[in-house]
Amino acid sequence: RALDWLTSTPTEEPFLLWKHYMDVHGPYEPPEPFRSEFTYRSVSRKAARKLYQRALQEPETMDELDRQLLTDMYDGEIRYTDTMIGQFLDTLSDHGLREETLVVITADHGDLLGEKGQYGHPRRLDDELLQVPLLIADQGTTATNVLSPASTLDVVPTICAALDLDTDGFAGVAWATGDEDRSERVLISETRGEGEFNEQRRYRAIGPEASN
C-alpha cells in the first residue's frame, strides 16, 4: 500500500510517510522463500503459531531444537522485512526521491528467544528488549556509528533538526549530525507489572554509573 501511495501521489510538496512493519513480531510466520532459507524443516503457519504460543505459555517445555526453530523463523521474518524495506528504498530512488528523503528506521522493543527462560516481549527491562535499531539515513551526511545511549523520544526532535524545524518543547534530544557527545547521558526505561501487579511500575536507569 505504501508503494502504491508513493507511485500514485504527487510528491512535489514535502510529505511524511509512516510505515509500520509488524512482521518481525510473534507469531513468527515468514512467507516463502524466506521461511525455508533458515528453517531446517517445513513448518506450517498453524505449527508456527502453536510453537510461539507454547513458548509464551509453557517456556519450560521448549527444548534446544524448539528454541532453534523459533529463532530460525524469527530470522526469516527479519530477512523478509529487510527485503521489503529495500524495495521501498529502491522505489524512492526510481522516482528521484531518495536524495531528498530522510529515512528513519527503529523499533519499539526486541524479543527474548529463550534468554532468562522466556520468550516474546514480557514486561521486563532486559537489554535484549531495550536495545533496538535506530538508523537515520540522509544522503547529505557522512556515515557515523553513534554509541551514546539514545531513546525513541529522540526520533521526532532529530527529524525536526534535520529539516531545520523548531525542536523546542520535545522531551528527547536531537541527533542532528551524529557527532554529538552524549556519553554521560542517563536514560530511564519504564514498564508495568503483569497480572495482579499490573498497576506497579518498574524502572531502569541506563548510562554511565547508573544503578540498574
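Everything that follows concerns the structure shown earlier in this document.
Rules used throughout
Residues numbered from 1 in each chain as written. Predicted model: local features only at pLDDT ≥ 70, side-chain atom pairs only at ≥ 80, totals over all residues. Heavy atoms only, no water. Helix = DSSP H or I, 4+ residues; strand = E, 2+ residues; numbered from the N terminus. Buried < 20%, exposed > 50% of the residue type's maximum accessible area, 1.4 Å probe, protein only. Salt bridge = Lys/Arg side-chain N within 4 Å of Asp/Glu carboxyl O. Axes fitted to C-alpha atoms, helices over the stretch in contact; angles between N-to-C directions. Left-handed = near helix turned anticlockwise from the far one by under 90°. Contact = heavy atoms within 4.5 Å. Nonpolar A, V, L, I, M, F, W, Y, C, P; charged D, E, K, R; others polar. Core = buried A, V, L, I, M, F, W, Y, C linked by side-chain atoms within 4.5 Å.

Engineer: So, the overall build of the protein: which residues are in play, and what are the values?
Structural biologist: Check the secondary structure of the protein and you find six helices and six strands. Secondary structure elements of the protein occur, N-terminal to C-terminal, as α-α-α-α-β-β-β-α-β-α-β-β. With the C-alpha coordinates aligned to their principal axes, the bounding extent of the protein is approximately 55 × 45 × 30 Å. Taken across its 212 residues, the protein has 30% of its residues classed as buried.

Engineer: Can you break down the pattern of salt bridges residue by residue, with the values?
Structural biologist: All chains considered together, the criterion is met by nine salt bridges. Arg-79 is the partner of Glu-37 in a salt bridge, and the nearest nitrogen-oxygen pair spans 2.4 Å. With a gap of 42 residues between them, Glu-37 in helix 2 (residues 34-38) and Arg-79 in helix 4 (residues 64-94) connect regions that are remote in the sequence. Among the ionic pairs, Asp-127 bridges to Arg-204, the shortest N-O distance being 2.8 Å. Of the two residues, Asp-127 is situated in helix 5 (residues 127-130) and Arg-204 in strand 6 (residues 201-206); the sequence distance between them amounts to 77 residues. By relative accessible area, which is 14% here, Arg-204 ends up buried. One connected set of salt bridges, linked through shared partners, spans Glu-29, Arg-45 and Arg-49.

Engineer: Can you tell me about the packing of helix 3 (residues 45-57) against helix 4, naming the residues and giving the values?
Structural biologist: One can describe the packing of helix 3 onto helix 4 by two numbers: an axis separation of 11 Å at closest approach and a directional angle of 120 degrees. Read as a crossing pair, helix 3 and helix 4 show a hand that is left-handed. In this structure, helix 3 uses Ala-48, Leu-51, Tyr-52, Arg-54 and Ala-55 to contact helix 4, whose residues at the interface are Asp-66, Leu-69, Leu-70 and Met-73. When its residues are assigned to classes, the contact of helix 3 with helix 4 shows seven nonpolar, no polar and two charged.

Engineer: How would you sum up the nonpolar core? Please name residues and give values.
Structural biologist: If you look at the biggest cluster of nonpolar residues, it comprises 13 residues, and the most contacted ones within it are Tyr-28, Met-62, Leu-70 and Met-73. Leaving out residues up to four positions away in the same chain, Tyr-28 has contacts with Ala-48, Tyr-52, Leu-70, Met-73, Tyr-74, Glu-77, Asp-111 and Leu-113. Residues Leu-6, Phe-88, Leu-92 and Leu-97 belong to the second largest nonpolar core, which totals five residues.

Engineer: I'd like a rundown of helix 6 (residues 155-162), residues and numbers included.
Structural biologist: Of all the positions in helix 6, only Val-155, Pro-157, Thr-158, Cys-160 and Ala-161 are classed as buried. Buried-residue contacts for helix 6 involve strand 1 (103-106) and strand 4 (134-137). One or two positions beyond helix 6, positive phi appears at Asp-164, with a value near 60 degrees.

Engineer: Lay out the side chain of Thr-158 with the relevant residues and their values.
Structural biologist: Mapping Thr-158 onto the fold places it in helix 6. Setting aside residues up to four positions removed in sequence, Thr-158 forms contacts with Ile-136, Val-173, Ala-174 and Trp-175.

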